[in-house]
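# Fold and contact review
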Amino acid sequence: MINRWIIFAVCMFVGGSLGWWTTAKEGLGLGMGIALGAFVWLLVDSLYMARLLNWLRTEQSNEPQEGLVSTLAVAPSLPGVLGEVADRTRRLLKNRDQQNLESQARLGEFLAALQASPSGVVLLDARGRIEWCNQVATQHFGFDAQRDVLQHIANLVREPAFKAYMAAGNFSRDVLIPGSFSTPARPVKLSVHAHSYGKNRKLLLSRDITAIELAEAMRRDFVANVSHEIRTPLTVLSGFIETLQTLPLKEAERGRYLALMAQQSKRMQTLVSDLLILSRLEGSPLPDANDWITTRALFAQCEQDAKALSVVIAPQGQQLEFEPGPACEIAGAQTELYSAMSNLITNAVRYTAERGLVKVSWTVLEDGRGKFQVKDTGPGIAPEHLPRLTERFYRIDRSRSRETGGTGLGLAIVKHVAQRHGVELQIESQPGLGSLFSLIFPATRVRRLQAS
Ligand code: ADP
C-alpha cells in the first residue's frame, strides 16, 4: 500500500517539476504539473483497475469445469497492490475450483455407489418429484432415468397401494406393489420403502421380492403337504388304537387291525426317511468326485430290492430284467446314487401291473457318458404331467401311489441327486405305452474297469 502512495507522490513530483521547469519556474506551472501528474496516475490506475475488474467478471461467470485452472493461469499481470489483489484472487479461485472438482468427483462416486446398489434407489424432492434414480429403479418402476427427471412420482407409479402409502406418510413399514413388467404369467412383486431425509425430501428403496415370495409360498405348501401326509396315517392309527382299547375283539380281528396299524406306521416311517434324505441332500456339501463305486455292486443291491418289492406288489409276478452292461465305476456318493437308482426301479415295479416288464440297464455311450435306464410297461404318463413330476408331493394317481407305499418324494430325491452329480434326468413316457427314465452320467464320472 505504501508503494501506491510513493508512486502517487512520485507522479505528482515529476508532474510538478516538469510544470515548474517548463513554465520557467512559475507557481502556476508547478500547480498544473502536480495536477497533471495526479491525473496520469489516476488514468493508469483506472486502466489497471478496469483490467482487474474485467478479469474478475469473466472468472465469476465461468462454471467450474475442467480446464478452468488454465483460464485462471492467464490472470492479468498488474503492478503493486492490484497485482497482489489479482494474484490472491487467482489463488482463491483456483482453490474454489479445486474444491468444486473434488466435490463433483465425490458426488460422482456416491452416485456410482447408489447405482451399484442391488436395490432400486429413487431420490424425491420436497414436492415429490424425481431428482435421481438408479438403473435398478428404472427396471422396477419402468422409469426413464433422463426423461422422467422432475416428473412427479405419483404420475409415474399409479398403483393405488403406493399412492395411499405416500399420502399417509407413515414410512415405518414398506408397501408391496406389482413391478412395472409384471404379467399374470410372470408376476413380479416389489417391496417399496420410503425414508424421509433433509427438508421434506424422500428416499425410495425398492426390492424385487418375487423369488422370496415364491420360496415362502413353496415353504408353506411343503409344510401343509407334510402335515397332511402325516395326519392321514396318524388318524387311522389312533382310530385303530381306540377300537382295540374299547371293543372286545377276537384274536383274528385283532391280528388284522394290528397288521393295518403296522402298515400305517411303516408309511409314516418311509415318509420321514424320505424327508430326511431330501433335507440331507439340500444341506450337505457336493459329493466327492473321487469316490468310485462299481455299477455291478449298485445293480446287485437294486436287483435284490426290486425282487423283494415285486413279490409284494405283484404276487402273480412281473418280468424283471437287469442288464448290468460293461463293468464300470461311477464317481459320487454311494448312498445317494443308490437312492436315486432304487427310487426309479421301485417306481417302475410299483406302477407296472402283474406280468408287466421292468427292464433296468447300464450302457456306456460312444462319447464316454454312462446311461442308466429303467423301462417299464406300466400305465405311462400324460405329457402335461411330465414337467411337474419331480416336484415334491406331485402325484398323478394318488391312490395308486399310496397303495404301493409311495410318499410323492421319490422323483424329487432323484432330481436332487442327479443335480448334485451333474447327471441329466430324462423322462420319456406316453399313456398306455409305459415309461422310460434315464440318468445320463457325464464322461468325467464314468470309467470302465479292465476285464479280468
Ligand atoms: P410316488 O411316491 O408317489 O411314486 P414319485 O415322486 O416317485 O412319488 O413319483 C411321482 C409321480 O410320478 C407318482 O405319483 C406317479 O404318479 C408318477 N410316476 C413315477 N414313476 C412312474 C412310472 N414308472 N410309471 C408311471 N407313473 C410314474
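Residues numbered from 1 in each chain as written. Predicted model: local features only at pLDDT ≥ 70, side-chain atom pairs only at ≥ 80, totals over all residues. Heavy atoms only, no water.

Let us now look at the overall build of the protein. For the protein, the helix and strand inventory stands at 13 helices and 13 strands. On C-alpha atoms alone, the protein measures out to a radius of gyration of 45 Å, which is more than a quarter above the 22 Å that the 2.2 N^0.38 rule sets for 452 residues. Overall, the protein is about 160 × 65 × 35 Å in size when its C-alpha atoms are taken along their principal axes. A total of 452 residues make up the protein; the buried ones form 35% of that total. Taking the contacts inside the protein whose residues are at least 6 apart along the sequence as the reference set, 60% of them involve residues at least 24 apart. Here the protein displays about 27000 Å² of accessible surface, and carbon together with sulfur accounts for 58% of that area. When the 50 basic and 44 acidic side-chain charges of the protein are each reduced to a single mean position, those positions are 4 Å apart. (Helix = DSSP H or I, 4+ residues; strand = E, 2+ residues; numbered from the N terminus. Rg over C-alpha atoms; globule rule 2.2 N^0.38 Å. Buried < 20%, exposed > 50% of the residue type's maximum accessible area, 1.4 Å probe, protein only. Contact = heavy atoms within 4.5 Å. Areas by Shrake-Rupley, 256 points an atom, 1.4 Å probe, with all protein chains shown as cover. Lys, Arg positive; Asp, Glu negative; His and termini not counted. Charge placed at Lys NZ, Arg CZ, Asp CG, Glu CD.)

Per-residue pLDDT for the protein has a mean of 90; in total, 96% of the residues score no lower than 70. Low pLDDT (under 50) marks residues 66-70, which in the prediction has seven contacts with non-local residues, meaning those over four places away or in another chain. (pLDDT = per-residue confidence, 0-100.)

Time to look at unusual backbone geometry. One non-glycine residue, Leu 150, lies in positive phi territory at about 70 degrees. On the accessibility criterion, Leu 150 (48% relative accessible area) is partly exposed. A positive phi angle, near 70 degrees, is found at Arg 355, a position not held by glycine. Its location among the elements puts Arg 355 in the loop between helix H11 (334-351) and strand E9 (357-364).

How two aromatic rings sit relative to each other is set out by the distance from centre to centre and by the angle between their planes. Counted according to the given criterion, the structure contains nine aromatic pairs. Here Phe 8 and Trp 41 contribute two aromatic rings whose centre-to-centre distance is 4.8 Å and whose plane-to-plane angle is 65 degrees, an arrangement assigned as edge-to-face. You can see Phe 8 sitting in helix H1 (residues 2-22) and its partner Trp 41 sitting in helix H2 (residues 27-61), a full 33 residues away along the chain. Given a relative accessible area of 23%, Phe 8 falls into the partly exposed group. Look at Trp 41 and you get buried, because its relative accessible area is 15%. Taken together, the ring pairs in this structure connect Trp 5, Phe 8 and Trp 41 into an aromatic cluster. (Phe/Tyr/Trp six-rings, centres within 6.5 Å; stacked < 30°, edge-to-face > 60°.)

Here we take up the sheet that holds E9. Across the sheet, five strands lie side by side as E7-E9-E10-E12-E11; this open sheet has mixed pairing. The sheet is open, and its two borders are formed by strand E7 (319-323) and strand E11 (424-429), each paired with just one other strand. Ignoring which end each strand starts from, the neighbouring axes of this sheet average 10 degrees apart. Relative to strand E10 (residues 370-376), E9 is paired through seven bridges, and the arrangement is antiparallel. Across the sheet, the residue bridging to Val 358 is Asp 376, located in E10. Where helix H10 (residues 295-313) meets the sheet, it contacts E7, E9 and E10, and its direction lies at approximately 175 degrees from that of E7. (Pairing = 2+ DSSP bridges. Axes fitted to C-alpha atoms, helices over the stretch in contact; angles between N-to-C directions.)

Together, Ile 2, Ile 6, Val 10, Phe 13, Val 14, Leu 18, Trp 20, Trp 21, Leu 30 and Ile 34 line one region of the surface with nonpolar side chains, adding up to about 1000 Å² of accessible area. Looking at the nonpolar patch, the elements that each hand over two or more residues are H1 and H2. Of all the elements, H1 adds the most residues to the nonpolar patch, at eight residues. (Patch = residues over 30% accessible without salt bridge, like charges linked within 9 Å, V, L, I, M, F, W, Y side chains within 5 Å. Salt bridge = Lys/Arg side-chain N within 4 Å of Asp/Glu carboxyl O.)

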